[in-house]
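# Summary of structural features
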Amino acid sequence: DNATLTHNDLNMANVVVSLDGRLKLNDFNIGVLMRWNGSQPCGYPTRFHNPLWKSPEEIRNTTYINPALSDVYSLGNLLFYIMTKHQPWTHLEPSGAVEGEEVGRRKLKGILPTFPDRFVATNKTATQAMLYAVLSCYRTNQAERLSARELASAMDKALRWVRVRHPASRRHVMQLFEKHPKKHKNIMMEHQTS
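Structural notes, computed from the coordinates.

## As for the overall build of the chain
When you go through the chain residue by residue, the secondary structure sums to eight helices and six strands. In sequence order, the chain lays out its α and β elements as β-β-β-β-β-β-α-α-α-α-α-α-α-α. For the chain, the proportion of contacts with a sequence separation of at least 24, taken over those separated by at least 6, is 58%. When the accessible surface of the chain is summed, it comes to about 11,000 Å², and 53% of that surface belongs to carbon and sulfur atoms.

## Brief notes about the packing of aromatic side chains
Under the counting rule described, the total for this entry stands at two aromatic pairs. Note on Y73 and Y138: the rings are 5.1 Å apart at their centroids and 40° apart in plane angle, and the pair reads as tilted. Taken together, the residues span a long stretch of sequence, with Y73 in helix α2 (residues 67-84) and Y138 in the loop between α5 (125-137) and α6 (148-163) at a distance of 65 residues. This pair shows no difference in class: Y73 is buried, exactly as Y138 is. Between the aromatic rings of F80 and F115, the centroid separation amounts to 5.2 Å while the plane-to-plane angle is 70°, which identifies the pairing as edge-to-face.

## Considering the pattern of salt bridges
Inspection of every chain in the model, using the stated rule, returns eight salt bridges. The residue R145 makes a salt bridge to E57 at a minimum N-O spacing of 2.8 Å. Within this pair, whereas R145 is found in the loop between α5 and α6, its partner E57 is found in helix α1 (residues 56-59), the two being separated by 88 residues in sequence. By relative accessible area, which is 0% here, R145 ends up buried. The exposure class assigned to E57 is buried, which follows from its relative accessible area of 3%. As a salt-bridge pair, K179 and E150 come within 2.7 Å of each other at their nearest N and O atoms. Separated by 29 residues along the polypeptide, K179 in the loop between α7 (170-176) and α8 (187-193) and E150 in helix α6 bring together distant segments of the chain. For K179, a relative accessible area of 27% puts it in the partly exposed group. Salt bridges here are not isolated pairs; linked through shared partners, they connect E93, E102, R105 and R106.

## Topic: a nonpolar patch on the surface
Taken together, L5, L25, F28 and L33 make up a surface patch of nonpolar side chains, about 380 Å² in accessible area. Relative to the assigned elements, F28 resides in the loop between β3 (23-25) and β4 (32-33). Given the relative accessible area of 38%, F28 is considered partly exposed.

## Let's talk about the nonpolar core
When a protein is soluble and globular, its nonpolar side chains tend to lie buried together. Among the nonpolar cores identified, the biggest contains 29 residues, and F115 and F177 are the most heavily contacted of them. Among the secondary structure elements, those contributing two or more residues to this core are α2, α4 (117-120), α5, α6 and α7. Take this core: its biggest share by element is eight residues, from α5. Residues within four places of F177 in sequence aside, it is in contact with A129, Y132, A133, S136, L146, L151, A154 and M155.

## Side note on unusual backbone geometry
Located in the positive-phi region is W89, a residue other than glycine, with phi close to 70°. The residue W89 is located in the loop between α2 and α3 (100-108) in this model. When its relative accessible area of 2% is taken as the criterion, W89 is described as buried. Of note, R165 is a non-glycine position whose phi angle comes to about 55°, a positive value. Take R165: it is sitting in the loop between α6 and α7. By relative accessible area, R165 is classed as exposed at 75%.

About the criteria used
Residues numbered from 1 in each chain as written. Predicted model: local features only at pLDDT ≥ 70, side-chain atom pairs only at ≥ 80, totals over all residues. Heavy atoms only, no water. Helix = DSSP H or I, 4+ residues; strand = E, 2+ residues; numbered from the N terminus. Contact = heavy atoms within 4.5 Å. Areas by Shrake-Rupley, 256 points an atom, 1.4 Å probe, with all protein chains shown as cover. Phe/Tyr/Trp six-rings, centres within 6.5 Å; stacked < 30°, edge-to-face > 60°. Buried < 20%, exposed > 50% of the residue type's maximum accessible area, 1.4 Å probe, protein only. Salt bridge = Lys/Arg side-chain N within 4 Å of Asp/Glu carboxyl O. Patch = residues over 30% accessible without salt bridge, like charges linked within 9 Å, V, L, I, M, F, W, Y side chains within 5 Å. Core = buried A, V, L, I, M, F, W, Y, C linked by side-chain atoms within 4.5 Å.

What follows is the structure, given as structure tokens:
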């Protein structure tokens, strides 16, 4: 059940679509085989600083990050791109593209990239699921992020709801993507007030 390999460079340039339509990752040149101390992953220092794609803990350069959860943060960037057709922090920002170091400062403060209103205000379960999946990945505190397995499970459940036209409320969709649904505030509300 534990991640055995972390990619460390998840971004759109490192994802390809195979002939059968499946997404595949490439460019594992800075990937790391995970080491475990019992049930806890052994962390390691951040490698190859790039604030646009990195998680807040990598930007802080914390010595022992949980790289599997940092990869989940980067997965949020991929999902953002799939949803909006743009990289975060570039085409959708009101004042124009944000420079790398400023992106890093914003991430450390918990500020999120701009989401188009059509995704925030939607009533469509599938679009809400994508939005909340991205927001879940973007949690500043890595302990509040879903693992890749939990994220996949939440996406699978949302997909089942869409297929059977289950009348899911926004709150129900949002709760799929919360690590501790009753513990913290609605991340979308946090985003709208930042």
